[in-house]
Structures are given as C-alpha cells and as structure tokens.
Amino acid sequence: SACLSVASSDFCECLLQYENVWEKANIEIETDIAEDVKVKADAELLGHVWNNLFSNAFKFTPSGGTVTVSLTATDHHAIVKVTDTGCGITPEVGAHMFEKFYQGDTSHSVQGNGLGLALVKRVIDIMQGEIGVESAVGKGSTFTVRIRRA
C-alpha cells in the first residue's frame, strides 16, 4: 500500500468537495489540520472513509451548525476527528452503528443502505487502525479515527 500524506492533498481535497454543501446549508466549518502527516494506506480506500464521515457530518448538522475537522499526529498515529453539532446518537445506536445494515433512526433509512459506517470500519480494520464515536443526543457527535503513521 502506498504512502500518502493525509494532511495535504487527499484529505483536504475530500473536504473541499463539500464546500457547496456547507455553504448552502449555512454550516460553519472549522479545521485544524497538521501538515505533512503521512499514513500507510490505500488512498482510494481512505477516501471512502473521509467521504463517509464528512457527508454524515454535513447531513446531520442543521443550518447554522458547525462541523469541525481536525488532524493531529502522535509519534505513531494520525488522528482525525470529525465533529458535528447535529442531533447526536444514543449509546444504543452508538454501540451498533459500525455493524452492517444497522439503521439507527428508521426515519433516515432512505438516506443510506446502512453500509456506510460498516464499510468505514472494515477499511480501518484492514489498516489496523481504530474508529470510535462519542455522542450526546441533541448536542452532536465526534468520530475519531486513528491510523498508523508511515
């Protein structure tokens, strides 16, 4: 698998694809992205991860809300956090949301086939990384991804 710089092109390019989404929805975007953080990963697979997390964040954040994206690095890992000020999720949903075909809120089931986060989890498992979520109902969610640095 190729080395790629998460911080520079791929990651930011993925985020910028959503510029018209956040402008149209009047969502504030905040970024804190470290430079030159490289990870060992397949760029295309990683693109699926970022796209899924970004699209979910914008989908569930109401107008006037904020989506925050950060990329930091420790000695061994790149850590990406995507935070939204959306509806949040219950602990029960959080416990299952990375499983295949799980729909936390059936009223939103038309918006996806339930494969999104399961696929994200699978990709991150392949990369021997980790993904987790912290959420509070009515306040929003933070997804944290840790991937080994190259």
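The structure this text deals with has already been given above.
If you're wondering where the values come from, they're calculated on a predicted model, not measured in any experiment.

Parameters and conventions
In every chain, residue numbers begin from 1 and rise along the written sequence. Totals for whole chains, interfaces and linings use all residues, but because this is a predicted model, local features are given only for residues with pLDDT of at least 70 and pairs of side-chain atoms are given and counted only at 80 or more. Hydrogens are left out, water is left out, and the side-chain values use all remaining heavy atoms of the structure. In what follows, salt bridge is the name for a side-chain nitrogen of Lys or Arg lying within 4 Å of a carboxyl oxygen of Asp or Glu. In this text, helices come from DSSP runs of H or I with a minimum length of four residues, and strands from runs of E with a minimum of two, each type numbered from the N-terminal end. Per-residue accessibility, obtained with a 1.4 Å probe over protein chains only, is compared with the maximum for each type, and a residue is labelled buried under 20%, exposed over 50%, and partly exposed between these values.

S.K.: Which parts of the structure should I look at to understand the pattern of salt bridges?
M.R.: Side-chain pairing between opposite charges can occur once the charged atoms of the two side chains come close. The tally for this structure, following the rule as stated, stands at two salt bridges. Ionic pairing is found between Lys 121 and Asp 125, a salt bridge with its closest N-O pair at 2.9 Å. Linking Lys 121 with Asp 125, this pair stays in helix H5 (residues 116-126), spanning four residues, or about one helical turn. A residue is classified by how much of its surface remains accessible, and Asp 125, at 38% relative accessible area, is partly exposed. Between Glu 130 and Arg 146 there is a salt bridge, with its nearest N and O atoms 3.8 Å apart. Pair noted here: Glu 130 is in strand S6 (residues 130-136) and Arg 146 is in strand S7 (residues 140-148), with a separation of 16 residues, a long-range link. Accessibility expressed as a relative area gives 26% for Arg 146, which makes it partly exposed.

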